[in-house]
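What follows is the residue order along each chain.
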Amino acid sequence: MNPGPWGMMQNGVPFGETNSVRDFLDLFGTVHKPDREHPSKPVLGFSCSRSEISGRRFWELARVLGAGSPHQFFKHAFVHNYFPLCLLSSNGKNITPSELKANVKKEIERACDECLVEVLLLLEIEVVVAIGRFVEKRVQKLCSRANLPIQVVFISHPSPRNPSSNRDWLNKTKNLIIDSDLAKYFAV
């Protein structure tokens, strides 16, 4: 999925819920507005008071895995957004990649695929924790195509759009990390 208008669009951080970015990651500064801004979704940077639920849930998981320290979490983790563009319709609705025309989607996926493979190679990634089925399938396909021996572990996306599968998302996901033998990379 792409960034939400109240998350990464506000500060450039994947899953960028403002309070989490400021209070857990200890990031701050001036976020400049884009040349063209949708009037119903203004870029407010760190002044954004709207909470982005997916981001709040994700960074809470990072806090738990890193024993409260972003430094501990990032010792063995890197967060990469496959599709880092926030697209808005004329009425301000968030447009996800699945809603794009096939030829546009294909061109964007080609660029995103190339970037992801470069990141995987550059950082010598051994394990990808794919957040959501879309990312899981893309990573598996790319690893197969590029012959990359990378373990792919699926976790559900922390989106509030699917409340039944995301009930107690934090504990379910933490347990999945432990059961997948990934806790050794964190402080849990």
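For the structure given in this document, a descriptive report is provided here. (Residues numbered from 1 in each chain as written. Predicted model: local features only at pLDDT ≥ 70, side-chain atom pairs only at ≥ 80, totals over all residues. Heavy atoms only, no water.)

Attention now goes to helix α3 (residues 53–65). Side chains three or four residues apart in an α-helix point the same way, a direct result of the helix having 3.6 residues per turn. Compared with an ideal rise of 1.5 Å per residue, which puts 13 residues at 18 Å, α3 spans 18 Å between its outermost C-alpha atoms and is within 8% of the ideal. Where α3 is concerned, the buried positions are S54, G55, F58, W59, L61, A62 and L65. Angularly, the buried residues of α3 cover 145° about the axis, an arc narrow enough to put them on a single face. Buried-residue contacts for α3 involve α2 (18–23), α4 (70–73), β3 (127–131) and α7 (169–179). Just beyond α3, the residue with positive phi is A67, at close to 50°. (Helix = DSSP H or I, 4+ residues; strand = E, 2+ residues; numbered from the N terminus. Expected span 1.5 Å × (residues − 1). Buried < 20%, exposed > 50% of the residue type's maximum accessible area, 1.4 Å probe, protein only. Arc of directions from axis to C-beta. Contact = heavy atoms within 4.5 Å.)

What follows covers the packing of helix α5 (residues 102–122) against helix α6 (residues 133–145). Axis separation between α5 and α6 bottoms out at 11 Å; the angle between their running directions is 70°. When the axes of α5 and α6 are compared, the pair comes out roughly perpendicular. For the pair α5 and α6, the sense of crossing is right-handed. Listed contacts from α6 to E109, D113, L116, V117 and L120 of α5 are F134, R138, V139, L142, C143 and R145. For the contact of α5 with α6, a count of residues per class yields 7 nonpolar, no polar and 4 charged. (Axes fitted to C-alpha atoms, helices over the stretch in contact; angles between N-to-C directions. Parallel < 35°, antiparallel > 145°, perpendicular 65-115°, else oblique. Left-handed = near helix turned anticlockwise from the far one by under 90°. Nonpolar A, V, L, I, M, F, W, Y, C, P; charged D, E, K, R; others polar.)

This part covers α6. Taking 1.5 Å per residue, 13 residues should reach 18 Å; α6 reaches 18 Å between its end C-alpha atoms and fits that length. Buried residues in α6 make contact with α5, β3 and β4 (151–155). One or two positions beyond α6, positive phi appears at N147, with a value near 55°.

Within the secondary structure, H76 is located in the loop between α4 and β1 (87–88). You can call H76 exposed: its relative accessible area is 52%. Counting along the chain gives 13 residues from H76 to S89, while the straight-line C-alpha distance between them is 37 Å.

Now for the pairing of β3. Where β3 and β4 come together, 5 bridges link them in parallel fashion. Paired with V128 across the bridge in β4 is V152. Handedness of the β3-α6-β4 crossover: right-handed. (Pairing = 2+ DSSP bridges. Right-handed = clockwise from strand over helix to strand, strands pointing away.)

Further remarks concern the pattern of salt bridges. Tallied over the full model, the rule gives 10 salt bridges. Of the charged contacts, one joins E37 and K33 as a salt bridge, the two residues approaching to 3.0 Å between their closest N and O atoms. Since its relative accessible area comes to 47%, K33 is described here as partly exposed. We note a salt bridge from R110 to E114, for which the minimum N-O separation is 2.8 Å. (Salt bridge = Lys/Arg side-chain N within 4 Å of Asp/Glu carboxyl O.)

Another aspect to go through is empty space enclosed by the protein. Within this structure, the stated rule accounts for 1 cavity of 30 Å³ or more. Size it by volume and the largest cavity reaches roughly 30 Å³. What lines the largest cavity is simply Y82, F83, P97, L100, K105, I108, E109 and F134. Among the elements that take part in the lining of the largest cavity, α5 stands out by supplying 3 residues, more than any other. The residue inventory of the lining of the largest cavity, partitioned by class, reads 6 nonpolar, no polar and 2 charged. (1 Å grid on protein atoms, 1.4 Å probe; cavity = no way out; pocket = protein on both sides within 12 Å on 5 of 7 lines; lining within 4 Å. Points joined across faces, edges and corners; volume = space filled by probe spheres on them.)

So, on to the packing of aromatic side chains. With the rule as written, the count across this model stands at 8 aromatic pairs. Here F15 and F58 contribute two aromatic rings whose centre-to-centre distance is 4.8 Å and whose plane-to-plane angle is 20°, an arrangement assigned as stacked. In this pair, F15 is assigned in the loop between α1 (8–11) and α2 and F58 in helix α3, connecting sequence segments 43 residues apart. Comparing F15 with F58 shows no difference in burial state: the two are buried. Between Y82 and F134, the ring centres sit 5.7 Å apart and the planes meet at 70°, which makes this aromatic pair edge-to-face. (Phe/Tyr/Trp six-rings, centres within 6.5 Å; stacked < 30°, edge-to-face > 60°.)

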